[in-house]
Amino acid sequence: MELPYILSERSITSEAPSNIAFIKYWGALDFERVIPHNPSLSMTLTSCRSVCSATFFEGETGSDEVLLVSDEGGAPAPPQFSERILAHLDRLRAGVGKEGRFRIATRNTFPAAAGIASSASGFTALSLAAGRALGLDPSADELSALAQSSGSGSASRSAYGGYVRWPGSDTDAAEQVADEDHWPLCDLVAIVETQAKKVSSLEGHRRATSSPYFQHRLELLPERLAAATEAIERRDFAQLGPVIEEEAIDLHLVAMSSQPPVFYWGPGTMEVLAAVRDLREDGVAAFSTMDAGANVHVICEPDNAAVVEARLHSLQSVERVLVDRVGEGPVWRPGAEL
Ligand code: PMV
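For clarity, every value in this text was computed on a predicted model and none was experimentally measured.

What follows deals with helix H8 (residues 305-313). Along an α-helix, a turn takes 3.6 residues, which lines up residues three or four apart on a common side. Taken together, the buried positions of H8 are Ala305, Val308 and Leu312. Taken around the axis of H8, the buried residues stretch over an arc of 70°, which confines them to a single face. Looking at the buried side of H8, the elements it contacts are strand S9 (186-191), helix H7 (267-281), strand S10 (286-289), strand S11 (296-300) and strand S12 (320-325).

Structure below.
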């Protein structure tokens, strides 16, 4: 990939949003190039973000320093994450052909590795801060490709605000389906577990094709993706909700039936799923989705957010509720703030 080039800056701080997948990336055709088996579709979030400061000491020798900072209420990123950060820094440096060392500090505003796509926001923030510190000025498409080259496919979608589709096959970048002002959907994340999951999503992708249900889900996806995209275009929550809930259950069905099986759900997950079904029986339009983790994202329109939040708070297994909504893409500013 051709990398865009501008004057070098010393320290840069970036902020990048996480995203919640409505149609999920699960299983890769090519892990090296991060080519998924299927296109995916997500909503970019506002409050669940990664903040990353990068300083590049051009020409200096020595090892890169990576500091994982814990935010209030959030676990720091797991140690495997630093290894992936170091590998990504090597990749970015090689891309521009510069020698030097990095100092990186990164934090999440939410628990990492618990099904809130911390790799998506983390690698997008890192690619933007480190890329700018190296003198790059990436467009959203270029940032999407840079972030995805970290190995996190979902990171390709965090380069844009609003509703984002990652075709994944013949193009590097994801693309915006609709911007953040199109439809103000809410995501109430019921936190039932804050410790990092035992099986990484990368390992889950590797095992996915061993499930007898993998192929069947792939066959269902084109129709599901079309229905979800159309629902977003028309702002039709009655059409979107059932599709995203069905899709999340299918992803976990594939994970649970992989060899060896991957169980991301915990007892709290079941309690939240049941509560969301009860809410619907009470006439409240809310639907669940889960990424690779036990925590449940409850999607609803703004009018129902308060009642959904109150119901989630009343559940025994819910430690806290992160109130989030659709939001803008990443931003950056000069200076180190972490
Ligand atoms: O981007 P990765 O490798 O962390 O995988 C993301 C997997 C899911 O969050 C479960 C689905 C998705 O599309 O975000």
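Okay, the nonpolar core next. Phe22, Trp26, Met43, Tyr163, Leu185, Ile232 and Leu240 are the most contacted members of the largest nonpolar core, which has 39 residues in total. Of all the elements in the fold, those that place two or more residues in this core are strand S1 (11-23), strand S4 (40-58), S9, helix H5 (214-234) and helix H6 (237-256). Once you skip the residues sitting within four places of it in the chain, Leu240 turns out to touch Phe22, Trp183, Leu185, Ala228, Ala231 and Ile232. Counting residues in hydrophobic clusters, the runner-up holds 24 residues, among them Ala54, Leu92, Ile104 and Leu136.

On to the environment of Asp303, then. Within the secondary structure, Asp303 is located in the loop between S11 and H8. With 117 residues separating them in the primary sequence, Asp303 and Cys186 have C-alpha atoms 9.5 Å apart.

A sheet is described by the order of its strands in space; here four strands give the open sequence S10-S11-S9-S12, paired in antiparallel fashion. Of all the strands in the sheet, just S10 and S12 have a single pairing partner and so form its edges. The average undirected angle you get between the axes of adjacent strands in this sheet is 25°. In the packing of H6 onto the sheet, the strands contacted are S10 and S11, and the crossing angle to S10 comes to about 30°. Taken strand by strand, H7 contacts S9, S10 and S11, and its axis lies near 160° from that of S10.

So, on to the environment of Gln239. By the element assignment, Gln239 lies in helix H6. The spatial distance from the C-alpha of Gln239 to the C-alpha of Lys198 is 34 Å, given a sequence separation of 41 residues. Sequence-distant contacts of Gln239, that is, excluding residues within four places in its chain, are made with Ala227, Glu230, Ala231 and Arg234. A distance of 3.0 Å separates the side chain of Gln239 from the side chain of Glu230, its partner in a polar contact.

Further remarks concern the packing of aromatic side chains. Aromatic ring pairs are reported here in terms of the distance separating the ring centres and the angle at which the planes meet. Under the criterion given, the structure shown has six aromatic pairs. When the centroid spacing of 4.8 Å and the interplanar angle of 45° are considered together, the rings of Phe56 and Phe102 count as tilted. Taken together, the residues Phe56 in strand S4 and Phe102 in strand S6 (residues 100-108) connect sequence positions 46 residues apart. For Phe102, a relative accessible area of 0% translates into the label buried. Across from the ring centre of Phe57, 4.4 Å away, lies the NZ or CZ of Arg101, which sits over that ring.

A word on the packing of helix H2 (residues 118-133) against helix H3 (residues 140-148). Following both chains from N to C, one finds H2 and H3 inclined at 115°, their axes separated by 9 Å at the closest point. Seen along the crossing, H2 lies across H3 with a hand that is right-handed. On the side of H2, the interface is formed by Phe123, Thr124, Ser127 and Leu128, while H3 contributes Leu143, Leu146 and Ala147. Residue classes in the contact of H2 with H3 are distributed as five nonpolar, two polar and no charged.

Let us now look at the site of the ligand. Surveying the vicinity of the ligand reveals 13 residues, the closest of which are Tyr25, Ser154, Arg157, Ser201 and His205. One of the backbone nitrogen or oxygen atoms of Gly153 is found 3.2 Å away from an oxygen atom of the ligand. Alone, the ligand offers 380 Å² of accessible surface; in the complex the protein occludes 96% of this. Residues that form the shell around the ligand fall into these classes: four nonpolar, six polar and three charged.

Turning our attention to the pattern of salt bridges. As enumerated under the stated definition, the model contains 21 salt bridges in all. The partner of Arg103 in a salt bridge is Glu65, and the shortest N-O contact between them spans 3.4 Å. Within this pair, whereas Arg103 is found in strand S6, its partner Glu65 is found in strand S5 (residues 65-69), the two being separated by 38 residues in sequence. With a relative accessible area of 36%, Glu65 lands in the partly exposed category. We note a salt bridge from Glu247 to Arg224, for which the minimum N-O separation is 2.7 Å. With Glu247 in helix H6 and Arg224 in helix H5, the pair connects residues that are 23 residues apart, well separated along the chain. No difference in accessibility class separates Glu247 from Arg224, as the two residues are buried. Ionic contacts of the salt-bridge type, sharing partners, join the residues Arg217, Arg224, Glu246, Glu247 and Asp250 into one network.

Thresholds, definitions, all that
- Residues numbered from 1 in each chain as written.
- Predicted model: local features only at pLDDT ≥ 70, side-chain atom pairs only at ≥ 80, totals over all residues.
- Heavy atoms only, no water.
- Buried < 20%, exposed > 50% of the residue type's maximum accessible area, 1.4 Å probe, protein only.
- Helix = DSSP H or I, 4+ residues; strand = E, 2+ residues; numbered from the N terminus.
- Arc of directions from axis to C-beta.
- Contact = heavy atoms within 4.5 Å.
- Core = buried A, V, L, I, M, F, W, Y, C linked by side-chain atoms within 4.5 Å.
- Pairing = 2+ DSSP bridges.
- Axes fitted to C-alpha atoms, helices over the stretch in contact; angles between N-to-C directions.
- Polar contact = N/O pair within 3.5 Å; in protein donor to acceptor, adjacent residues only side chain to side chain.
- Phe/Tyr/Trp six-rings, centres within 6.5 Å; stacked < 30°, edge-to-face > 60°.
- Lys NZ or Arg CZ within 6 Å of the ring centre and 35° of its normal.
- Left-handed = near helix turned anticlockwise from the far one by under 90°.
- Nonpolar A, V, L, I, M, F, W, Y, C, P; charged D, E, K, R; others polar.
- Near = heavy atom within 4 Å.
- Areas by Shrake-Rupley, 256 points an atom, 1.4 Å probe, with all protein chains shown as cover.
- Salt bridge = Lys/Arg side-chain N within 4 Å of Asp/Glu carboxyl O.

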